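The chain contents come next:
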Amino acid sequence: TDIKHYLKGLPVLARHDAFGYRASKFAQRHKAAVAAGAGIFAALVGGLAATRRQAKIARRQRDKAEEINQFLQKMLASADPRAVGKDVKVVEVLSIAAESLETDFAHQPEIAADLNTTLGRTYLSLGRFESAEKHLKIALDTRLKLFPRKSLEVARSLNNYGKFLAEKGELKRAEPFYQEALKTLRQLLGNKNLEVAEVLENMGYLNGLMAKYEESMRFYEEELAIQREIFGENDPRVARTMGKLGNVLTVLDRREIAEPLHRQSLKLLRKLHGSEH
């Protein structure tokens, strides 16, 4: 009987009757079913793990948003005219926020990096280069410590710091920051993405300033293709990029291509904003 059981893959009676032994015999007889069951089980476990991970990320993002919201409310409240005078300026509010940031988020570096980015970009838009550099550099250094070099967070800071250098006139120094940011964003987000388009625009502008007009034209062309695919033809961003591309083509004396672009851009902007915009 045991010989027959052995040949059929059944448990033999002369052996100690353990659960593991019976399970192994069952698995040998039903390999396909066991493999399918194992695959389903693995998929379920993987799905549950992914769901928990996404929930954890969502909670972290929610908590971070709440912290930032509270900080911004505090920043705006600090500009109370009764405390600092009715003619309080944006730069004064930013200065108060910067001082508060150093203490409020000393032990929350990820949030501090986000807020330093906001402050740095705002200072840059106001032409306050020294303050812009300070906050954008802090944000970049912090993210390099917190995240892998090839991460979205680091790529965004590289782009921001490159923009600061370009606005300041340090064009050659800005270029490698843009290049690294563009490479990482392409790898992580693909080629048809708005963040990729933003860096392409920055590269187009930078290369135009450096009199590298052929390169500038190619960057603007790729940016325009992404915007058209995402927004369609009737969007002001598309119109503005057509105008920038037309400017470069004019410098290159390719006016037969530049003029239709400018006319199309002007027609679209008039349609969207009216003639007095």
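Just above sits the structure.
Residues numbered from 1 in each chain as written. Predicted model: local features only at pLDDT ≥ 70, side-chain atom pairs only at ≥ 80, totals over all residues. Heavy atoms only, no water.

Draft legend 1. Seen up close, the packing of helix 6 (residues 109–125) against helix 8 (residues 152–168). Two numbers describe how helix 6 lies on helix 8: the axes approach to 11 Å, and their chain directions differ by 20°. Judged by the inter-axis angle, helix 6 sits roughly parallel to helix 8. In the packing of helix 6 onto helix 8, the handedness of the crossing is left-handed. Residue-level inspection shows T117, R121 and L124 of helix 6 in contact with helix 8, the latter providing S157, N160, K163, F164 and E167. The residue inventory of the contact of helix 6 with helix 8, partitioned by class, reads two nonpolar, three polar and three charged. (Axes fitted to C-alpha atoms, helices over the stretch in contact; angles between N-to-C directions. Helix = DSSP H or I, 4+ residues; strand = E, 2+ residues; numbered from the N terminus. Parallel < 35°, antiparallel > 145°, perpendicular 65-115°, else oblique. Left-handed = near helix turned anticlockwise from the far one by under 90°. Contact = heavy atoms within 4.5 Å. Nonpolar A, V, L, I, M, F, W, Y, C, P; charged D, E, K, R; others polar.)

Draft legend 2. Here's a closer look at helix 11 (residues 213–231). The first and last C-alpha atoms of helix 11 sit 26 Å apart over 19 residues, in line with the 27 Å expected at 1.5 Å per residue. Those residues of helix 11 that fall on the buried side of the exposure criterion are S216, M217, F219, Y220, E223, L224, I226 and Q227. Buried residues along helix 11 sit in contact with helix 9 (171–189), helix 10 (194–209) and helix 12 (236–251). Count one or two residues on from helix 11 and you reach G232, which has phi positive near 85°. (Expected span 1.5 Å × (residues − 1). Buried < 20%, exposed > 50% of the residue type's maximum accessible area, 1.4 Å probe, protein only.)

Draft legend 3. Inspection of the environment of K134 at higher detail. Secondary-structure assignment places K134 in helix 7 (residues 129–146). Distance in space between the C-alpha atoms of K134 and L119 is 9.6 Å, their sequence separation being 15 residues.

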